[in-house]
Amino acid sequence: IAGVAEISLAAPGPLEEWLLAELGALLEDPSVRAVLLAAPGPLPNVGLSSGALRALALFELPVVFAFEGPLAGPAAELALAADIRVCSEAASLQGRLAGNARVRTLAEEATALALFLGREVMSADALLAAGLVSSVAPAGQSLAEGRRI
């Protein structure tokens, strides 16, 4: 899609080593108007610092995060840092989050607390009902839904 830079988060190695550099380079390209981060499955090597998550949350371009499967802890925080989130019906989020400031701006207090403490796994339907994702796509279609948005 013209104007949308797609970044797959399935790359090997810790994300912080390359994701912020990739996002910074996109700011130099005047043809890029939005970023689509794609998580086709679990993200085992997230390891983003709170500073990196803040940089993503405050990124100058709109960031859409499309995810297919379960995301937990730091991977869930990465998804929540995006401006817009879409997922497949097979997706879910689970805390234990390092911080709760971002999720408190996105969801009601009880939902934010449950994610922060990691007490429950939130299914795709629960994420939609809580307003934490904008839409739920059929399995295997979250990237297409992210492109549509």
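Summary of the structure given here.

About the thresholds
Residues numbered from 1 in each chain as written. Predicted model: local features only at pLDDT ≥ 70, side-chain atom pairs only at ≥ 80, totals over all residues. Heavy atoms only, no water. Helix = DSSP H or I, 4+ residues; strand = E, 2+ residues; numbered from the N terminus. Contact = heavy atoms within 4.5 Å. Buried < 20%, exposed > 50% of the residue type's maximum accessible area, 1.4 Å probe, protein only. Pairing = 2+ DSSP bridges. Axes fitted to C-alpha atoms, helices over the stretch in contact; angles between N-to-C directions. Salt bridge = Lys/Arg side-chain N within 4 Å of Asp/Glu carboxyl O.

What follows deals with the overall build of the protein. Looking only at helices and strands, the protein has 7 helices and 8 strands in total. In the protein, of all internal contacts separated by at least 6 residues, the share reaching a separation of at least 24 is 59%.

Of all 5 residues making up strand S3 (residues 63-67), 5 are buried, and the element is well covered by its neighbours. Neither face of S3 is open: one carries Val63, Phe65 and Phe67, the other Val64 and Ala66, and all of them are buried. Summarising the sheet, strand S2 (residues 34-39) and S3 pair through 5 bridges and their orientation is parallel. The residue bridging Ala38 from the neighbouring strand is Ala66, located in S3. The pairing of S3 with strand S5 (residues 84-88) spans 4 bridges and is parallel. The partner of Val64 across the bridge, within S5, is Ile84.

Let us now look at helix H3 (residues 74-81). Residues that lie three or four places apart on an α-helix share one face, since the helix turns once every 3.6 residues. The buried fraction of H3 amounts to 7 of the 8 residues, a majority that puts the element mostly inside the structure. Of the positions making up H3, those classed as buried are Ala75, Ala76, Glu77, Leu78, Ala79, Leu80 and Ala81.

Before going further, it helps to spend a moment on the sheet that holds strand S1 (residues 4-8). Spatial strand order, S1-S2-S3-S5-S8: 5 strands in an open sheet with parallel pairing. Two strands bound the open sheet, and with one partner strand each, they are S1 and strand S8 (135-137). Strand-to-strand twist of the sheet, defined as the mean angle between neighbouring strand axes without regard to direction, takes the value 20°. Note that S1 and S2 share 5 bridges and pair parallel. What sits directly across from Glu6, in S2, is Leu36.

A separate point is the pattern of salt bridges. Tallying each qualifying case throughout the model produces 2 salt bridges. Two residues, Arg147 and Glu6, come together in a salt bridge whose shortest N-O distance is 2.6 Å. With Arg147 in helix H7 (residues 142-148) and Glu6 in strand S1, the pair connects residues that are 141 residues apart, well separated along the chain. We classify Arg147 as partly exposed; its relative accessible area is 36%. What makes Glu6 partly exposed here is its relative accessible area of 38%.

Fair warning: the whole summary comes from geometry, so function is off the table for now.
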